[in-house]
Amino acid sequence: MKEDVVDVTKDEATLPAPRDAAADEPGEPLLVVENLVKHFPVKGGFPVRRTVGAVQAVDGIDLTVHVGESFGLVGESGCGKSTTGRLVTRLLEPTSGRISYRGQDISRATRKQLAPIRSQIQMIFQDPYSSLNPRQTVGKIISGPMEINGINPQGGREKRVRELLEIVGLNPEHYNRFPHEFSGGQRQRIGVARALALEPKLIVADEPVSALDVSIQAQVVNLLQQVQKELGIAFLFIAHDLAVVRHFSQRVAVMYLGKVIEVGDRDSIYTRPRHPYTHALLSAVPEVSLDGGEEARRERIRLAGDVPSPISPPSGCRFRTRCWKAQDKCATEEPPLVQISGNRSGHLTACHFPEEPTIEARDKDIILDPALAALEDSSEG
Ligand SMILES: Nc1ncnc2c1ncn2[C@@H]1O[C@H](COP(=O)(O)OP(=O)(O)O)[C@@H](O)[C@H]1O
Ligand code: SF4
Ligand SMILES: [Mg+2]
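Residues numbered from 1 in each chain as written. Chains lettered and ligands numbered in written order. Predicted model: local features only at pLDDT ≥ 70, side-chain atom pairs only at ≥ 80, totals over all residues.

### Quick word on the site of ligand 1
Consideration 1: Taken together, Phe40, Val55, Ala57, Gly75, Ser77, Gly78, Cys79, Gly80, Lys81, Ser82, Thr83 and Pro310 make up the full set of residues near ligand 1.
Consideration 2: It is helix H1 (residues 81–88) that provides the largest number of residues to the shell around ligand 1, a total of three residues.
Consideration 3: Its residues assigned to classes, the shell around ligand 1 comprises five nonpolar, six polar and one charged. (Near = placed C-beta within 6 Å. Helix = DSSP H or I, 4+ residues; strand = E, 2+ residues; numbered from the N terminus. Nonpolar A, V, L, I, M, F, W, Y, C, P; charged D, E, K, R; others polar.)

In structure tokens form, the structure reads like this:
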């Protein structure tokens, strides 16, 4: 894979031609992130302010999102999910590491170099209120990206916007309305229509339903899933809510303090997690059950203490200050993210003393909202 990654860090005015679109077969790598690092400098001192440290927001992560795949990124608040999303969309400059999109190294590409692929990578944001310009009509908001990119669809932009409104389940007649005339869920649909306007290949959705009521969350998740399946768009779906990610994602990566600590297909992560942190996250869901029955009595793992500061993360394994299995080795040796014995192919875990695979045991631990559960049943049937 590495051989066909083109280095554009040299003095080139434009990026080399992207891999032929015909090569974008499902299963081919679309976005490849290697050893990606983002440190935010911390300034201090008086009278001369100098850099006294760094927030290690993202500290050496590897990820691959395949063509048409939905990839979930989960972890507690502050673990570096949004920073990762902003790095791969190049809203942030990486400190080091490599981001390749369709075989091109875009990690150091300039605005001008990125222009030809900008339209292919779109973002959906968490807050459907602040992410839409209140002074623009829906028509203007959705056609804006087409205008900026000089895209003139057949039949005109207005026709295309009306089609997009229909695709996301909104009334095409509402073309001239303003954002305040819509509910939160409808606004997020407008955000989805705007992201779709440029026919992207990859959508980075950063907590796209976290600000919505749970019943509305299921509807928007369902829409995103339809879009992903029917239009073949790959998703990097970022969320702190494991239940939402489980419904949407074919593969899932779990982050802790700037690192990916476990990654695998959805079933491996949710039913056979090997990393103690993944176990804890899965068992940390509220102690309620849909029918008030047995599973409410299941023993939950309570994570002790707070997440350490990303300015001075623990040595060795970053989870060791909260891990009930930690031993001396955990403080001195960082566990590599590898396929440990007992894992299925593609399931990687970064732990010296992993949990036993507990088949089926975790499945019931994720308590889905009835609306999400219904979606899940319908997509499996
Ligand atoms: N622009 C910034 N400057 C300094 N620190 C930042 C900046 N953006 C994020 N951080 C810090 O980086 C860490 C990761 O943040 P973020 O990626 O937003 O996490 P998440 O999305 O998982 O909640 C946090 O400690 C956060 O405070
Ligand atoms: S490496 Fe050690 S501290 Fe880290 S998760 Fe595994 S057992 Fe816990
Ligand atoms: Mg975030």
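So, next bit.
### With respect to the sheet that holds strand E8 (residues 234–239)
Consideration 1: Taken in spatial order, the seven strands of this open sheet run E6-E7-E8-E3-E9-E10-E11, and their pairing is mixed. Each of the sheet's edge strands pairs with one partner strand only, and the pair in question is strand E6 (121–124) and strand E11 (348–349).
Consideration 2: Bridge count between E6 and strand E7 (residues 202–206): four bridges; the pairing is parallel. When the bridges of E7 are listed, glutamine 122 appears paired with isoleucine 203.
Consideration 3: Each of strand E3 (70–74), E7, E8 and strand E9 (251–256) is contacted by H1, which is oriented at about 155° to E8, the strand it contacts most. (Pairing = 2+ DSSP bridges. Contact = placed C-beta atoms within 7 Å. Axes fitted to C-alpha atoms, helices over the stretch in contact; angles between N-to-C directions.)

### With respect to the environment of threonine 84
Consideration 1: Here threonine 84 lies in helix H1.
Consideration 2: With residues near it in sequence (within four places) discarded, threonine 84 still touches Val58, Ile61 and Leu73.

### Some words on the sheet that holds strand E2 (residues 50–66)
Consideration 1: Judged by pairing direction, the sheet is antiparallel, and its four strands sit side by side in the order E2-E1-E4-E5 without closing on themselves. Each edge of the open sheet carries a strand with a single partner, namely E2 and strand E5 (104–105).
Consideration 2: Sheet topology places strand E1 (residues 29–44) next to E2; 13 bridges connect them, and they run antiparallel. The residue bridging lysine 38 from the neighbouring strand is valine 58, located in E2.

### As for helix H6 (residues 214–231)
Consideration 1: Under the 1.5 Å per step criterion, the end-to-end length of H6 is 25 Å for 18 residues, consistent within 8% with the ideal 26 Å.
Consideration 2: By the burial criterion, the buried members of H6 are Gln217, Ala218, Val220, Val221, Leu224 and Gln228.
Consideration 3: Downstream of H6 by one or two residues, glycine 232 has phi in the positive range, about 65°. (Expected span 1.5 Å × (residues − 1). Buried ≥ 20, exposed ≤ 12 C-beta atoms within 10 Å, placed from the backbone.)

### Quick word on unusual backbone geometry
Consideration 1: Along the chain, phenylalanine 46 connects to proline 47 via a cis peptide bond; the corresponding omega equals 5°.
Consideration 2: Tracing the chain through its elements places proline 47 in the loop between E1 and E2.
Consideration 3: Positioned with a positive phi, asparagine 35 is a non-glycine residue whose angle comes to about 50°.
Consideration 4: Structurally, the position occupied by asparagine 35 is in strand E1.
Consideration 5: Classification of asparagine 35 by C-beta neighbours within 10 Å gives exposed; the count is 12.
Consideration 6: If you check the backbone angles, arginine 102 has positive phi at about 45° while not being a glycine.
Consideration 7: Mapped onto the elements, arginine 102 comes out in the loop between strand E4 (96–101) and E5.
Consideration 8: Given 23 C-beta atoms within a 10 Å radius, arginine 102 is considered buried.

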